[in-house]
Amino acid sequence: MGLKTLLLFLIIGLSSGVTLGAQYRFIDASSGKQVSLEKLAAKLARYNVVFFGEYHDNAAIHQAQRDLLPHLYARDKRLTLSFEMFERDVQPLLNSYLKDEISEAAFLAEARPWPNYETDYKALVEFAKSNGLDALAANVPRRLAGMAVRAGKDFISTLDEQDRSYVAKEINAWEGPYKENFLQTMAENAAHGGQMDATFYDNMFLAQCVKDDTMAESLVDYWKRHPRQTIVHFNGDFHSRGFLGTVERALSRAPKLKVAVISPLYGSADLPARETRIANYFLVVPDPPESEHSE
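Residues numbered from 1 in each chain as written. Predicted model: local features only at pLDDT ≥ 70, side-chain atom pairs only at ≥ 80, totals over all residues. Heavy atoms only, no water.

> What is the right way to read the pairing of strand β3 (residues 49–54) from this model?
Regular strands have side chains that alternate between both faces of the sheet. Taking burial as the measure, the six residues of β3 include six buried ones, the bulk of the element. Neither face of β3 is open: one carries V49, F51 and G53, the other V50, F52 and E54, and all of them are buried. Of the strand pairs in this sheet, β3 and strand β6 (residues 230–236) are connected by six bridges, and their pairing is parallel. Across the sheet, residue E54 finds its bridge partner in β6, namely G236. The pairing of β3 with strand β7 (residues 259–266) spans four bridges and is parallel. The partner of V49 across the bridge, within β7, is V259. (Buried < 20%, exposed > 50% of the residue type's maximum accessible area, 1.4 Å probe, protein only. Helix = DSSP H or I, 4+ residues; strand = E, 2+ residues; numbered from the N terminus. Pairing = 2+ DSSP bridges.)

Here you go:
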């Protein structure tokens, strides 16, 4: 990593108001012991896809992401980044920006960046750009997931050829733990805002699965073309916690895929009883001032 990239990470880290290296710690789920960034990078280099779960608005988690990337890259230059935060239809724009073919202003004007892009994701994209790495816009366009909520499973039949290419070929709204967890979360949220009928909840879960399957397909398709790469995929924790969601859908497409999951945990929480069934590594961060768990 060049001096320019290192300075960029330092500047962005300082501007976020987070003390570098002091706000988080990584824990090996199999041993319960803390692991350094260097050792973590060495361990993660053994995997094809690393799912880095996050609470989207947590500054300490984003700092950890920024801090880990240089160590992963130093360990193995065959690194690719992947984002829930960018959608498939903006992949050409992302490619053009990484190749310096368009300006940042032009990229951001059309790529629909998340509101916290500047503080939380820009550094990751700039790291890829500075080091000539690929980056995947892995997610389904939000407007198409919204169609699933409104129309249910029949929404796919209404799509034209272009929009159909932005959605996974196979959608799996399986019964099981993931759906149970999703419906429980929806029910808890509904307790604060009013109940909806069962069809609405089923369609919401379908939309969640459309996202999971599309991200999984994006990852697996890229891995099949570039089997020696380590792909680091950034997504909301719910999409990968417990090796469910996007993870189980990736494995259904490629059973031999070697995957690792990093899952965040607030400092006041006890380590879960069955740690390795939830994640390979936990990222322990300070408790928030108020409840903040963005999926």
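> Looking at this structure, how should I read the nonpolar core?
Here is a general trend for soluble globular proteins: nonpolar side chains tend to be buried in one another's company. With 46 residues, the main nonpolar core has F26 and L81 as its most contacted residues. No other element matches helix α3 (residues 59–75), which puts seven residues into this core. With near-sequence residues (within four places) excluded, F26 lies in contact with K33, Q34, V35, L37, L40, F52, A64, I262, F282 and L283. (Core = buried A, V, L, I, M, F, W, Y, C linked by side-chain atoms within 4.5 Å. Contact = heavy atoms within 4.5 Å.)

> Looking at this structure, how should I read the sheet that holds strand β2 (residues 34–35)?
Within a sheet, adjacent strands bond to each other through the backbone by hydrogen bonds, running parallel or antiparallel. With mixed pairing, eight strands are arranged side by side in an open sheet as β2-β1-β8-β7-β3-β6-β4-β5. Each edge of the open sheet carries a strand with a single partner, namely β2 and β5 (135–139). Along the sheet, helix α6 (residues 117–130) makes contact with β3, β4 (79–87) and β6, crossing β4 at roughly 145°. (Axes fitted to C-alpha atoms, helices over the stretch in contact; angles between N-to-C directions.)

> Help me out: how do you make sense of the packing of aromatic side chains in this one?
The geometry of an aromatic ring pair comes down to the distance between the two centres and the angle between the two planes. This structure, assessed with the given rule, holds 16 aromatic pairs. Between F86 and F107 the ring centres are 5.7 Å apart and the planes differ by 40°, which places this aromatic pair in the tilted class. Placement of F86 in strand β4 and of F107 in helix α5 (residues 104–110) is noted, with a sequence separation of 21 residues between them. Across this residue pair, the class does not change: F86 and F107 are buried. Among the aromatic side chains, those forming a connected cluster through ring pairs are Y24, F26, F52, F83, F86, Y97, F107, Y117 and F234. One residue, K77, lies across the ring of Y73, its end atom 4.9 Å from the ring centre. The ring centre of Y97 lies 4.9 Å from the NZ or CZ of K129, which sits over that ring. (Phe/Tyr/Trp six-rings, centres within 6.5 Å; stacked < 30°, edge-to-face > 60°. Lys NZ or Arg CZ within 6 Å of the ring centre and 35° of its normal.)

> Can you help me understand the side chain of N48 in this one?
Within the fold, N48 resides in the loop between α2 (37–44) and β3. Residue classification places N48 among the buried residues on the basis of a relative accessible area of 12%. A distance of 2.7 Å separates the side chain of N48 from the backbone nitrogen of K258, its partner in a polar contact. If near-sequence neighbours (up to four positions away) are discounted, N48 is found in contact with W223, P227, Q229, T230, I231, K256, L257 and K258. (Polar contact = N/O pair within 3.5 Å; in protein donor to acceptor, adjacent residues only side chain to side chain.)

> I keep staring at the pattern of salt bridges and nothing clicks. Help me out?
Opposite charge on two side chains permits pairing when their charged atoms draw close. Inspection of the entire model under this criterion finds 14 salt bridges. For D213, the salt bridge goes to R249, with nearest N and O atoms at 3.4 Å. Taken together, the residues span a long stretch of sequence, with D213 in helix α10 (residues 198–225) and R249 in helix α11 (residues 246–253) at a distance of 36 residues. By relative accessible area, which is 0% here, D213 ends up buried. (Salt bridge = Lys/Arg side-chain N within 4 Å of Asp/Glu carboxyl O.)

> What exactly am I supposed to notice about α11 here?
Side chains of residues three or four places apart in an α-helix project in the same direction, reflecting 3.6 residues per turn. When α11 is considered as a whole, its buried residues turn out to be T246, V247, R249, A250 and R253. The arc that holds the buried residues of α11, viewed along the axis, is 165°, so those residues lie on one side. (Arc of directions from axis to C-beta.)

> What's the story with the pairing of β7 in this structure? I'm lost.
The element β7 is extensively covered by neighbouring structure, given that eight of its eight residues are classed as buried. Covered by surrounding structure in β7 are V259, V261, S263 and L265 together with A260, I262, P264 and Y266, the residues of both alternating faces. Bridging between β7 and strand β8 (residues 281–285) involves five bridges; their strand directions are parallel. In the sheet register, Y266 faces β8, and the bridge partner there is V285.

> How do you make sense of α3 when you look at a structure like this?
Its 17 residues give α3 an end-to-end C-alpha distance of 25 Å, which sits within 8% of 24 Å, the value for a rise of 1.5 Å per residue. The N-capping residue of α3, defined by a side-chain oxygen 3.1 Å from the backbone nitrogen of A60, is N58. (Expected span 1.5 Å × (residues − 1).)

> Is there a simple way to think about the environment of A60 in this case?
Inspection of the secondary structure puts A60 in helix α3. The exposure class of A60 is buried, given its relative accessible area of 7%. In sequence terms A60 and P286 are 226 residues apart; their C-alpha atoms lie 7.7 Å from each other. In contact with A60, other than residues within four places in its own chain, are Q23, Y24, V285 and P286.

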